[in-house]
Amino acid sequence: MSSFRTLDDLPAEQRVLVRLDLNSPVEDGVVQDNRRFSRHAETVAELAEDGHRVALMAHQGRPGRDTFVSLEQHADILAEHAGADVDFVGDTFGDEALGAVRGLDAGDVLLLENTRMTDDELPEKEPEEHADSDFVRTLAPEFDAYVNDAYSAAHRKHASLVGFPLRLPSYAGRVMETEYEANTAIAEREFDGDVTMVVGGTKATDVIGVMEALDGKVDRFLLGGVAGELFLRAAGYPVGEDVDTELFDEQWDANEETIRSVLDERREQVTLASDLAYEDAEDERAEVDVDDIVEKTQAFLDIGSGTVADYEPAIRDSEAVFVKGALGVFEDERFSVGTVGVLEAIADTDCFSVVGGGDTSRAITMYGMSEDDFSHVSIAGGAYIRALTGEPLPAVELLIRSAEREA
Ligand SMILES: Nc1ncnc2c1ncn2[C@@H]1O[C@H](COP(=O)(O)OP(=O)(O)OP(=O)(O)O)[C@@H](O)[C@H]1O
Ligand SMILES: O=C(O)[C@H](O)COP(=O)(O)O
């Protein structure tokens, strides 16, 4: 299906420059382990075991943010998952980095410093301009091949993602390969039965855009989270407004027209929550039917159990289910009923299933579900959204161009 080359095509004994996406939550300066490490570790271990000399590039945070830190801790976490040593050099492409790269032996792995610490990385430029930057022109001649495994950053036109494939024969890593195939399935594959999309989370603008773009590809949308409340508002219920939050009003203004047109044109495809959950005066979970809500006086933090029961048969009857966004604030166990109930219903079927979004996929681990019960659990956020809508990903395009050039 994909028209880029993969590690199966990589010649032996290469000096490989590999782009990973290890961008992670950072709490009080401590980098938090997550799925991105365990997934990329497989690509890294394979390259090392095959005897290549491996230099890794990755980014963390953005300049000016608390999460903008060195990759020193990332090297240790990655090493643990890969079961191999991962050396670290605190330099991106200066003399220190070049010295460490030249010192690599077969099977060695080295992580270079945060790519966003060089000024050449971040400007959104055309690939040709990036390929001409000092960063790319200095590092590329040290390598025989470039491997991009950073599917979750593939929507960015940054030097380490789009510059190197113009200078080196380029290949997709294992994460890139699997993510690409699973996430484009909704746009590319024909399913015999119904395709269902579960839509929730806080980024309503993103998911409403997906709903609009997937007209014709999805038979049924099951709604929750912020988008779910905005749709209820459009359907005439007194919800979907901010009460001590900043999640609703702005996104309502930005999306009201689209929401109304989706409801007007495709009402039968959109299933709205029939009940919602909130925190009562005793700090317990309480539920209310949407028909009984007179005024929104406090936040709704989950879909209700009646809604979960409505959604389960729809999931059971589906051929494919795609998830984007959690149906409630699942991080608080009291409000995990919707997200966990729907994920468990998906896990119980043998439909083709993809769970996307960094936050949402965390619920699988948090509540003891097994990743193996889903066809694919994506580690991508923005790139997943773009894949669902069929928008091309610049870094993937460059891998395809490299394959065409070398053919
Ligand atoms: N009703 C709600 N009110 C407030 N927050 C909610 C509600 N429902 C879900 N959430 C929150 O949505 C978050 C997940 O949504 P988000 O839009 O970030 O999606 P994601 O696709 O998982 O992540 P990302 O795109 O960041 O990788 C969860 O952390 C959850 O707490
Ligand atoms: O975490 C992500 O979604 C990717 O690494 C992209 O990061 P960015 O949004 O800071 O470019």
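Residues numbered from 1 in each chain as written. Chains lettered and ligands numbered in written order. Predicted model: local features only at pLDDT ≥ 70, side-chain atom pairs only at ≥ 80, totals over all residues. Heavy atoms only, no water.

Per an unreviewed UniProt entry, the chain goes by the name Phosphoglycerate kinase and belongs to Halobaculum roseum.

1. As for the site of ligand 2
Our working definition: Whether a residue is near a molecule or strand is decided by its heavy atoms; if any one of them lies within 4 Å of it, the residue is near. A 3.5 Å cut-off defines polar contacts: any pair of N or O atoms within that distance qualifies, except that in protein one atom must be a possible hydrogen donor and the other a possible acceptor, and neighbouring residues in sequence count only when both atoms are side-chain atoms. Each accessible area is a Shrake-Rupley result for a 1.4 Å probe, and residues are judged covered by the shown protein chains and nothing else. Put simply, Ala, Val, Leu, Ile, Met, Phe, Trp, Tyr, Cys and Pro go in the nonpolar bin, Asp, Glu, Lys and Arg in the charged bin, and everything else, Gly too, in the polar bin.
Near ligand 2 you find Asp21, Asn23, Arg36, His59, Arg62, Arg116, Ser152 and Arg156, and these make up its full shell. Between ligand 2 and the protein, one listed contact pairs an oxygen atom with a side-chain N or O atom of aspartate 21 at 2.7 Å. Contact between ligand 2 and arginine 116: an oxygen atom at 2.9 Å from a side-chain N or O atom of the residue. Compared with its free state, where it exposes 310 Å², ligand 2 has 82% of that area covered by protein. Taken together, the residues that form the shell around ligand 2 break down as no nonpolar, three polar and five charged.

2. Quick look at the UniProt feature "binding site: ATP" (unreviewed entry) in the chain
The following threshold applies: UniProt positions are given in the numbering used here, feature names are shortened, and annotations may be inferred rather than shown by experiment. Only DSSP runs of H or I reaching four residues or more are called helices, and only runs of E reaching two or more are called strands; each is numbered from the N terminus. We call two residues contacting when some pair of their heavy atoms lies within 4.5 Å.
On the UniProt side, "binding site: ATP" (unreviewed entry) is annotated at positions that read Glu331, Gly357, Gly358, Asp359 and Thr360 here. A maximum C-alpha distance of 14.4 Å among these annotated residues, which run over 30 residues, shows that they cluster at one spot. Secondary-structure assignment places glycine 357 in the loop between strand E16 (352-356) and helix H14 (358-366). Apart from residues lying up to four places away in sequence, glycine 357 is in contact with Lys324, Ser378, Ala380 and Tyr384. Structurally, the position occupied by aspartate 359 is in helix H14.

3. A look at a negative patch on the surface
To keep it simple, the criterion reads: Patch membership is restricted to residues that have no salt bridge and whose relative accessible area is over 30%. Joining uses 9 Å for like charges and 5 Å for the nonpolar side chains Val, Leu, Ile, Met, Phe, Trp and Tyr. We count a salt bridge whenever a side-chain nitrogen from Lys or Arg sits within 4 Å of a carboxyl oxygen from Asp or Glu. Counting rule applied: Lys, Arg positive; Asp, Glu negative; His and chain ends not counted. The atom standing in for a charge is NZ when the residue is Lys, CZ when it is Arg, CG when it is Asp and CD when it is Glu. Under the scheme applied here, a residue whose accessible area is under 20% of the maximum for its type counts as buried, over 50% as exposed, and between as partly exposed, the area being computed with a 1.4 Å probe on protein chains only.
Residues Glu312, Glu344, Asp348, Asp372 and Asp373 make up a contiguous surface patch of negative charge. One can find aspartate 348 in helix H13 (residues 337-348). A relative accessible area of 71% places aspartate 348 in the exposed class.

4. Looking at the site of ligand 1
Near ligand 1, the surroundings consist of 19 residues, among which Lys203, Lys324, Glu331, Gly358 and Thr360 are the closest. Here an oxygen atom of ligand 1 and a side-chain polar atom of glutamate 331 are 2.4 Å apart. Contact distances for ligand 1 include 2.6 Å between an oxygen atom and a backbone N or O atom of glycine 358. When ligand 1 is considered free in solution it has 640 Å² of accessible area, and contact with the protein chains removes 86% of it.

5. With respect to the sheet that holds strand E12 (residues 275-279)
The cut-off we apply is this: In this analysis, strands are considered paired if DSSP registers two or more bridges between them.
Here we have three strands laid out as an open sheet, ordered E13-E12-E14, and antiparallel in their pairing. Strand pairing shows two members of the sheet lacking a second neighbour, strand E13 (285-289) and strand E14 (302-303), which therefore form its edges. Examined bridge by bridge, E12 and E13 share five bridges and lie antiparallel to one another. From the neighbouring strand, aspartate 275 faces E13, where its bridge partner is aspartate 289.

6. Remarks on helix H16 (residues 394-406)
How we decide: An expected span of 1.5 Å times one less than the residue number is assigned to each helix.
With 13 residues, H16 extends 19 Å from end C-alpha to end C-alpha; this agrees with the ideal 18 Å at 1.5 Å per step. Of all the positions in H16, only Pro394, Ala395, Val396, Leu398, Leu399, Ile400, Ser402 and Ala403 are classed as buried. Those residues of H16 that are buried are in contact with helix H4 (127-131), strand E7 (145-148), helix H6 (159-163), strand E8 (170-172) and helix H7 (174-183).

7. Re the sheet that holds strand E11 (residues 270-271)
Going by this rule: Angles run from 0 to 180 degrees between N-to-C directions of axes, and those axes are lines fitted to C-alpha atoms, restricted for helices to the stretch in contact.
Ordered by their spatial adjacency, six strands build an open sheet running E11-E10-E9-E15-E16-E17, and the pairing between neighbours is parallel. Each end of this open sheet is capped by a strand with a single partner; those strands are E11 and strand E17 (376-377). Across four bridges, strand E9 (residues 194-199) lies against strand E10 (residues 220-223) in parallel orientation. When the bridges of E10 are listed, valine 198 appears paired with leucine 222. With respect to the sheet, helix H12 (residues 305-316) is in contact with E9, E10, E11 and strand E15 (318-324), its orientation differing from that of E10 by roughly 150 degrees.

8. Here's the deal with the packing of helix H10 (residues 225-234) against helix H11 (residues 249-266)
Selection criterion: Two helices crossing with the near one rotated counterclockwise from the far one by less than a right angle form a left-handed crossing, whereas a clockwise rotation gives a right-handed crossing.
Contact geometry of H10 with H11 gives a least axis separation of 9 Å together with a crossing angle of 65 degrees. At the point where H10 passes H11, the crossing takes the right-handed sense. Contacts between H10 and H11 pair Val226, Leu230, Phe231, Arg233 and Ala234 from the former with Asp249, Gln251, Trp252, Ile259, Arg260, Val262 and Leu263 from the latter. Looking at the contact of H10 with H11, its residues break down into eight nonpolar, one polar and three charged.

9. Description of the packing of aromatic side chains
Heads up, the rule is: Each aromatic pair joins two rings of Phe, Tyr and Trp (for Trp, the six-membered one) with centres within 6.5 Å, and gets the label stacked for planes under 30 degrees apart, edge-to-face for over 60, and tilted for any other angle.
Enumeration according to the criterion identifies eight aromatic pairs in this entry. Consider the rings of phenylalanine 4 and tyrosine 180, whose centres lie 5.2 Å apart with planes at 65 degrees: the pair is edge-to-face. Taken together, the residues phenylalanine 4 in the segment before strand E1 (15-19) and tyrosine 180 in helix H7 connect sequence positions 176 residues apart. Each of the two residues, phenylalanine 4 as well as tyrosine 180, counts as buried. On the numbers, 6.3 Å between centres and 85 degrees between planes, the contact of tyrosine 278 with phenylalanine 300 is edge-to-face. Here tyrosine 278, found in strand E12, pairs with phenylalanine 300, found in the loop between E13 and E14; they are 22 residues apart in sequence, far enough to count as distant. Here a set of aromatic residues connected by ring pairs shows up, and it is made of Phe93, Phe135, Tyr146 and Phe164.

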